[in-house]
Amino acid sequence: MRVGLVCPYAWDVPGGVQAHVKDLAEALIRLGHDVSVLAPVEGEGEVPDYVVDGGRPVAVPYNGSVARLNFGLKPTRRVRRWIRTGDFDVVHVHEPVSPSLSVLACWAAEGPLVATWHSSMGRSRVLTAGYYLAQTAMEKIRARIAVSEYARRTLVDHLGGDAVLIPNGVDCASFERAEPLPGWPGDGPALMFLGRLDEPRKGLDVLLGALPAMSEALPGLRLLVVGPGDQEDAVKGLPDRLRDRVVFLGRVSDEDKARAFHSVDLYVAPNTGGESFGIVLLESMAAGTPVLASDLDAFRRVLEDGRSGVVFRNGDSADLAAKAVALLHDADERGRLVEAGRARAWQFDWSRVALEVLAVYESVTVTGEKVREDLRGQLVGRLSGRGNGDA
């Protein structure tokens, strides 16, 4: 099958949707399908062979963050050319109503069209107006996917209709086999944060607010911070004596992100809102690193209400500190969380998730019984060959 994927956000800027599209593309390629991804490209660095440059993006405030999107006459021409030359069996757009290449692809597409909703947002007049303006494009979509119940509710509240739930995926094997970063782990315990430093909803300030209490209970504690942003500004509220406890890696490759998880004793996700799923929690669990996360509904679902990870009160630095100290003092509990977390992460491995997406593609295209039998055979083969990965 020839599949065209449309990513609305800058390919070379870290983000959950970009990671999802990348992993889906590579999972489909491993299954023998021909895949092309259209995405804005911010910089001049190399991109995978399957990525087609959709043009340079611009920064736009979107869903409590700043998204880098591409929209206008020139991107419209690029989208039309990509669709015309691609001869796709199915076009799959992500975040189809964002002001981006995705909605342009919806307008331009002529064949089978699938759309995935990622974001979780409250009721909004602006969003409702945006959905109304995009209604003609939405009517062309033959199948809708939501990565979480919260993303599905956003779709239902603003546009109506419904969607099949297919979660974000994680490449469990790549996170399992990674090695720690040089110099890690050290003599004392270590925590990790991952996210943009200057995005308030990622909650770095909540974690840093807990650092004094945690450091008093755990004198050798270090915090590994992964993600782009102004490092000096991030720690300006910390006492001078604690600033050297915070180690910044900046923006890292996927390989070094996996290595970072293996370098610490506990991954902390202090996000304060705007999360519809929590793929980074699964990445940590796949690496064998226990998770402590704010009690957002989306995070509680991923962590099975505490069975495969621990939660603290959203925005409460004192509760975060107390839970982190307790976990770092309890090796047995961390060991239990490692085992439960790995089992949970394998439920979302791309070897499963990609086949669910392919089943949706098959439902909107005329592919015949042979494809259905192939998909069933691939799923049975992968599940039987995984061994104890689902244990």
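Structure's up top.
Residues numbered from 1 in each chain as written. Predicted model: local features only at pLDDT ≥ 70, side-chain atom pairs only at ≥ 80, totals over all residues. Heavy atoms only, no water.

Caption draft 1: Quick peek at helix α14 (residues 317-328). The first and last C-alpha atoms of α14 sit 16 Å apart over 12 residues, in line with the 16 Å expected at 1.5 Å per residue. What α14 keeps buried is the set S317, D319, L320, A321, A324, V325, L327 and L328. Looking at the buried positions of α14, the neighbouring elements they touch are β10 (190-194), α8 (204-217), β13 (266-269), β14 (291-294), β15 (310-312) and α15 (331-346). For α14, the N-terminal cap is D316; the gap from its side-chain oxygen to the backbone nitrogen of A318 is 3.1 Å. (Helix = DSSP H or I, 4+ residues; strand = E, 2+ residues; numbered from the N terminus. Expected span 1.5 Å × (residues − 1). Buried < 20%, exposed > 50% of the residue type's maximum accessible area, 1.4 Å probe, protein only. Contact = heavy atoms within 4.5 Å. Polar contact = N/O pair within 3.5 Å; in protein donor to acceptor, adjacent residues only side chain to side chain.)

Caption draft 2: Looking closely at empty space enclosed by the protein. In the structure shown here, the tally under the stated rule is 3 cavities of 30 Å³ or more. Taken together, G16, A19, H20, D23, N168, G169, V170, D171, F175, I279, E283 and W350 make up the full set of residues lining the largest cavity. Listing elements by their share of the lining of the largest cavity, those giving two or more residues are α1 (16-30) and α12 (279-286). The element that contributes the greatest number of residues to the lining of the largest cavity is α1, accounting for 4 residues. Taken together, the residues that form the lining of the largest cavity break down as 5 nonpolar, 4 polar and 3 charged. (1 Å grid on protein atoms, 1.4 Å probe; cavity = no way out; pocket = protein on both sides within 12 Å on 5 of 7 lines; lining within 4 Å. Points joined across faces, edges and corners; volume = space filled by probe spheres on them. Nonpolar A, V, L, I, M, F, W, Y, C, P; charged D, E, K, R; others polar.)

Caption draft 3: How the structure looks around the sheet that holds strand β2 (residues 34-39). Strand order across the open sheet formed by 7 strands is β3-β2-β1-β6-β7-β8-β9, with parallel pairing between neighbours. The sheet terminates laterally at β3 (51-53) and β9 (164-165), the two strands that pair on one side only. With 4 bridges joining them, strand β1 (residues 2-6) and strand β6 (residues 90-94) adopt parallel strand pairing. Bridging from a neighbouring strand, G4 pairs with V91 of β6. Against the sheet, helix α16 (residues 350-364) engages β1, β6, β7 (113-117), β8 (143-146) and β9, with an angle of about 125° to β6. (Pairing = 2+ DSSP bridges. Axes fitted to C-alpha atoms, helices over the stretch in contact; angles between N-to-C directions.)

Caption draft 4: Structural view of the packing of aromatic side chains. Across all of its chains, the model carries 5 aromatic pairs by this definition. Between W82 and F88 the ring centres are 4.7 Å apart and the planes differ by 45°, which places this aromatic pair in the tilted class. You'll find W82 and F88 in the same group, each marked buried. Just above the ring of W184 sits the side chain of R222; from NZ or CZ to the centre is 3.7 Å. (Phe/Tyr/Trp six-rings, centres within 6.5 Å; stacked < 30°, edge-to-face > 60°. Lys NZ or Arg CZ within 6 Å of the ring centre and 35° of its normal.)

Caption draft 5: Structural context of helix α3 (residues 101-108). Most of α3 is tucked away: 7 of the 8 residues are buried. Inspection of α3 places L101, S102, V103, L104, A105, C106 and A108 among the buried residues, and these make up the whole buried set.

Caption draft 6: Structural view of the pattern of salt bridges. A full pass over the atoms with the stated rule returns 22 salt bridges. R78 is paired through a salt bridge with D53; the nearest N and O atoms lie 4.0 Å apart. On the criterion of sequence distance, the pair formed by R78 in helix α2 (residues 73-86) and D53 in strand β3 is long-range, its members being 25 residues apart. We classify D53 as partly exposed; its relative accessible area is 40%. One salt bridge in this structure joins E275 and K202, with 3.3 Å as the shortest N-O distance. Here E275 is found in the loop between β13 and α12, whereas its partner K202 is found in the loop between β10 and α8, with 73 residues between them in sequence. The residues E275 and K202 share a single accessibility class, namely buried. What you see here is one network of salt bridges that share partners, running through R196, E199, R201, K202 and E275. (Salt bridge = Lys/Arg side-chain N within 4 Å of Asp/Glu carboxyl O.)

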